Structures are given as C-alpha cells and as structure tokens.
Amino acid sequence: MTDLGCEICGAAKEPGKRICGNCFKGIGRTRATCQTCGQANRWLDHELRCRRCRDNSTRRCADCQSTSSGLFTWNEVRLCAPCALRRELDRTIPAEPGGALVRLRPVILAAEPVTTRRWLRRAHDLLTGLDQEHISLDHTTLDGLPHPKSVEHLRALLIATDILPADPAGPIRRLQTRLEHLPAGLEQTDRRVVSRWVRWQVLPPLRQQAEQARQLGTSVANARRRVEQTVAFLTVLQDQGRSLAETTQDDIDQWFARPGAARWNARPFLAWSQQHRHLPAQLELPAQRHGNPTAPADPEHRWTIAARLGSDDQLDPADRVAGLLVVLYAQPLSRIATLTRDDVLILEDRVHLQLGPDPLELTEPLASLIRTLPLARRRSTAQQLPNHWLFPGGHAGKHIEATTLGARLKRIGIEPRRMRLAAAEQLSRDVPPAMLAGILGLRIATVAQHVSRSGGNWANYAATRQP
C-alpha cells in the first residue's frame, strides 16, 4: 500500500520513502539555481528549493517552533541554539524555585548561546552547588577552588549582578595565600625572615592601594615576582649548603651577573635583610637597576602615526582612540584604561574629554571615534552587564589592563612610552606647565621634567603676558 506525500511533488510514494520514484530519478524535475539559497545547478522541487533548503524548512525547534539551519539534537530533541541554552540553564540554575544565582539567568540567556552553553556544561556542578547553597557562596570559598581563571570570570559576574559584595582586598588575600606556600622548601630560619619581609614590606603598600581604591593587578604581579625571585636566590644558597646569614660576596655577584632582569626582583629583600642584620653588613649590593633609558620617538614618525590613526578605518576604533590619546596628548596607558563614559562630555555639540580639572576639547576624527566607545564586541555573558568603562576588559565590570592595552598598540606599530615622551616634550614647549597639567591631568612636577628635557623656559611667561 502506498501513501500520499512526496516531499517534492506531493504525489504518492512508497511507505518509508520521502519522495516518489519519478522525483528520485529526476523525471519531471528542474535542475537550476535554488531560489532560496542561490546555489546553482541543484535539483529543485515544485517551490524551486534545493534539498538542503527543503529539509531546513521542515525542521522546527521543538520549543519555539522556529525554522533554522542551526538546529541540532539536544538530548534526542531538535532545538535551536537559544532554546538549547535555556534548557541547559534550567538544568543548572532553575528559575523556579529561585536559588542564590537566579539573578544570573537574564544575563546568561542574553549571551551568545553556543559558547555560553558549553561554559554552563563545564561549570554545571559548581553553579548548581552555589545556586542550591551546597557550596558556600563567599569569596573565601571561591579562593579555594581550582581553575583560577574561570573562577575569576564567575566571581566578576557574581559581583556585577550584586550576588556577591565587591572584594577590593581579594587580590591581596589570594596573593598572601600563595606566598605562604612559596618558601616551604627553605630552611626554617630563612623561611621566617622571608615571612617577616612579606608581612612588613610587601603587603602593607598593597593594602594602602586597596584603601585608596586603586587597581592592584600590576602591583600584585610585581610583588609576586619579587617573592619568587627571593625564594629562588635562597634556594640556590641552600643547595650550596649556606643560609642567608652565610651569604658571600661571590654569591651576590654571581646572582646579579646572570642575564635577565627578573633576578633584580630579589634586590629589595637583600637590601631589607642587610638593614635588619639578616645579611652580612660588609656585602656590597649592586645599585638599583633602572633599565635602559627610553628615547622619545622621532617627531616626524610621531605625526605619521597620528595621521595613520586618524585615517585608517581598518584599525580597531578602540585602538585608534587609545593610540591618539598617547600620540597627541601624552596620556599614560594606566589613565586611558580607566576612562569612563562620564569622562566624555558633549558641550554645545562639541566633544570634550575630562582628563584633568579643565575639559579638553577634541578635534575630528578623535571626537567622532571616542563617541563610538565602548564597542560591542562579542555576546559573552560579561558583555551583557552594564559597563561604564570606555575600554572594558574581559571580566564583567572590569576595565582593560594597561599592559593588555599596551600590547594591542604595539601590534599596530605604536611604542607607547616613546610616543608619550615625544608628545610630552612637544606639548611642554608650546603650553605653560600649569595649563598643561590642568588640561591633560598630568602632575606639574612631571610636566616640569619634560620642560627641562625639551629645553623650554616658562619662567618669564607671566611677565610676557602683562599688557
């Protein structure tokens, strides 16, 4: 017995078949360009569709009934990507009854579905435990979890959605926990000296920065490197059968004679140890390493870079804005990274940027470029939350790190420090120091140094302005 319903012509077909025999052989069918996808030389049905388009039109999401070429099987059910994300989220953070993480649901559902669903599957046990409060929802618990990068991503989401309070001292706490284990392989006497140094010299400046609401990323990384190199130096001594108190001048000379700047991170500890009589007083430590001096960029090269940033539409607008602020206005990367939407002022159809007490009026094309920031990049979970930074970072509610911004500028041929020095020297010759500091937000002492370096002389400026 045959039944009706050939998918191509609607004629009778054999049981279990999708198309009739004539259509299968191509009898009476048209071979031409598909009117749906535009693919040429395809066998078409009576609606001038190829097989792929015909199959896609008959596939519907089991939840929303939408037709999509992106349907896939999720637990033996055909679903589109957004519906698959919703089902995965319902399994991980149910909407009813609302758990501890229920405020994350709208943010997750608004994100790009494919990669977000993969993240939910990887973090299912952790998210379910936190949502159902089987795992304590606090910063201390998160500190003890493995995979610190993914945990920091989750921590930022929880803070940005007000599920967890802000944790300004968190980086210091996590650094302190890590530093407690670093000297474990040292002898007891040296281990105690290192612990005292960390307690009284390394951590207090970081706590002061946290109280001042300053970013701790770079400072914490530098502190970690100093302790790591200190432990490495003491480990070398221990392998030679000596302690810190038995250090010789040859040990000091050999350590600092080896290539690489990393070894100089041990010098602050050695200087402190000598001051507190843990290291022989007669030993001579090398002078503090300042590195090679950076020369300002060539003025012509600087203006070439400025012209390229102003006209090259192939470059990322965020990189163009950051580069122009360095090349034209001598702004440090740490200041650029922390610019917010509130710093961009529209006054009488003119764009101003609040770098210092006095707003700076921007000219084109920088004025138009900065109004496009922040850019909507990818639909990650973090990007769905409100963000007031002009240069947002990868974590929710965080701005880009200055080192990351510098690396991006170097990839497009900009050396930030050299360009900034060249801009500062040129500006200091043309603008009085107090005015320059007020407009660009630079310290007057810093501007004075650039004036001295560039050969400028503003001592008689007030007198020359007299009528």
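The structure presented is a predicted model; accordingly, all values stated were derived computationally and were not measured.

1. Remarks on the pairing of strand E8 (residues 350-353)
Judged from the 4 bridges that link them, strand E7 (residues 344-347) and E8 form a sheet pairing that is antiparallel. Among the inter-strand pairings, leucine 345 is bridged to a residue of E8, identified as histidine 352. Where E7 folds back onto E8 in an antiparallel hairpin, the turn is made up of 2 residues, including glutamate 348, whose phi is positive at roughly 55°. Direction of pairing for E8 relative to strand E9 (residues 360-361): antiparallel, over a ladder of 2 bridges. Opposite histidine 352, over in E9, you have glutamate 361 as the bridge partner.

2. As for the packing of aromatic side chains
Within the structure shown, the criterion is met by 4 aromatic pairs. With a centroid separation of 5.4 Å and 80° between ring planes, the pair formed by phenylalanine 233 and tryptophan 255 is classed as edge-to-face. Placement of phenylalanine 233 in helix H11 (residues 217-239) and of tryptophan 255 in helix H12 (residues 249-257) is noted, with a sequence separation of 22 residues between them. A relative accessible area of 2% places phenylalanine 233 in the buried class. Looking at tryptophan 255, the relative accessible area reads 3%, which means it is buried. Each member of the aromatic cluster is reached from another via a ring pair, and the members are Trp197, Phe269 and Trp272. If you follow arginine 263 out to its NZ or CZ, it ends over the ring of tryptophan 255, 4.4 Å from the centre.

3. As for H12
The periodicity of an α-helix, 3.6 residues per turn, causes residues three or four places apart in sequence to face the same way. Every buried residue of H12 is accounted for by Asp251, Ile252, Trp255 and Phe256. Projected down its long axis, H12 shows its buried positions confined to an angular sector of 115°, all on one face.

4. Structural notes on the sheet that holds E9
Strand order in the open sheet formed by 3 strands is E7-E8-E9, with antiparallel pairing between adjacent strands. In this open sheet, the two strands that pair with only one neighbour each are E7 and E9.

5. Describing the nonpolar core
One finds Leu362, Ile370 and Phe391 to be the most contacted residues of the largest nonpolar core, which totals 45 residues. Taken together, the elements giving at least two residues each to this core come down to helix H14 (299-311), helix H15 (317-329), helix H16 (333-337), E8, helix H17 (366-370), helix H18 (402-411), helix H19 (416-430) and helix H20 (433-440). The biggest single contributor to this core is H15, with 8 residues. Isoleucine 370 has contacts with Val321, Val344, Val351, Leu353, Leu362 and Leu390, leaving out every residue within four places of it along the chain.

6. A short note on the confidence of the model for the chain
Mean pLDDT for the chain: 84, with 89% of residues reaching 70 or above. Every residue in residues 459-467 scores below 50 in pLDDT, and together they form 2 contacts with partners more than four places removed in sequence or on other chains.

7. Some remarks on the packing of helix H9 (residues 170-181) against H11
With their axes 11 Å apart at the nearest point, H9 and H11 run at an angle of 10° to one another. As judged from the angle between their axes, H9 and H11 are roughly parallel. On H11, the residues touching Pro171, Leu175, Arg178 and Leu179 of H9 are Val220, Ala223, Arg224, Val227 and Glu228. By residue class, the composition of the contact of H9 with H11 is 6 nonpolar, no polar and 3 charged.

8. Quick look at the side chain of aspartate 251
Mapped onto the secondary structure, aspartate 251 falls in helix H12. Side-chain polar atoms of aspartate 251 contact the side chain of threonine 248, separated by 3.0 Å. The contacts of aspartate 251, once residues within four sequence positions are left out, are Phe233, Leu237, Gln240, Arg242 and Glu246.

9. Observations regarding H9
A rise of 1.5 Å per residue sets the reference length of H9, with its 12 residues, at 16 Å; its end C-alpha atoms lie 18 Å apart and thus fit the reference within 8%. All of the buried residues along H9 are Gly170, Ile172, Leu175 and Leu179. Tucked into the core, H9 has its buried residues touching helix H10 (188-211) and H11.

10. Focus on the packing of H15 against H19
Interaxial distance between H15 and H19 falls to 6 Å at its minimum, and their mutual angle equals 40°. The orientation of H15 with respect to H19, classified from their angle, is oblique. Along the contact surface, H15 presents Val326, Val327, Leu328 and Tyr329, while H19 presents Pro416, Met419, Arg420, Ala423 and Leu427.

11. Things to note about the environment of alanine 402
Along the chain, alanine 402 falls in helix H18. Alanine 402 sits 69 residues away from leucine 333 along the chain, and the two C-alpha atoms are 5.3 Å apart.

12. Regarding the pattern of salt bridges
Per the counting criterion, the structure on display carries 17 salt bridges. Here arginine 320 makes a salt bridge to aspartate 313, at a shortest N to O gap of 3.2 Å. Looking at arginine 320, the relative accessible area reads 4%, which means it is buried.

Criteria and cut-off values
Residues numbered from 1 in each chain as written. Predicted model: local features only at pLDDT ≥ 70, side-chain atom pairs only at ≥ 80, totals over all residues. Heavy atoms only, no water. Pairing = 2+ DSSP bridges. Helix = DSSP H or I, 4+ residues; strand = E, 2+ residues; numbered from the N terminus. Phe/Tyr/Trp six-rings, centres within 6.5 Å; stacked < 30°, edge-to-face > 60°. Buried < 20%, exposed > 50% of the residue type's maximum accessible area, 1.4 Å probe, protein only. Lys NZ or Arg CZ within 6 Å of the ring centre and 35° of its normal. Arc of directions from axis to C-beta. Core = buried A, V, L, I, M, F, W, Y, C linked by side-chain atoms within 4.5 Å. Contact = heavy atoms within 4.5 Å. pLDDT = per-residue confidence, 0-100. Axes fitted to C-alpha atoms, helices over the stretch in contact; angles between N-to-C directions. Parallel < 35°, antiparallel > 145°, perpendicular 65-115°, else oblique. Nonpolar A, V, L, I, M, F, W, Y, C, P; charged D, E, K, R; others polar. Polar contact = N/O pair within 3.5 Å; in protein donor to acceptor, adjacent residues only side chain to side chain. Expected span 1.5 Å × (residues − 1). Salt bridge = Lys/Arg side-chain N within 4 Å of Asp/Glu carboxyl O.

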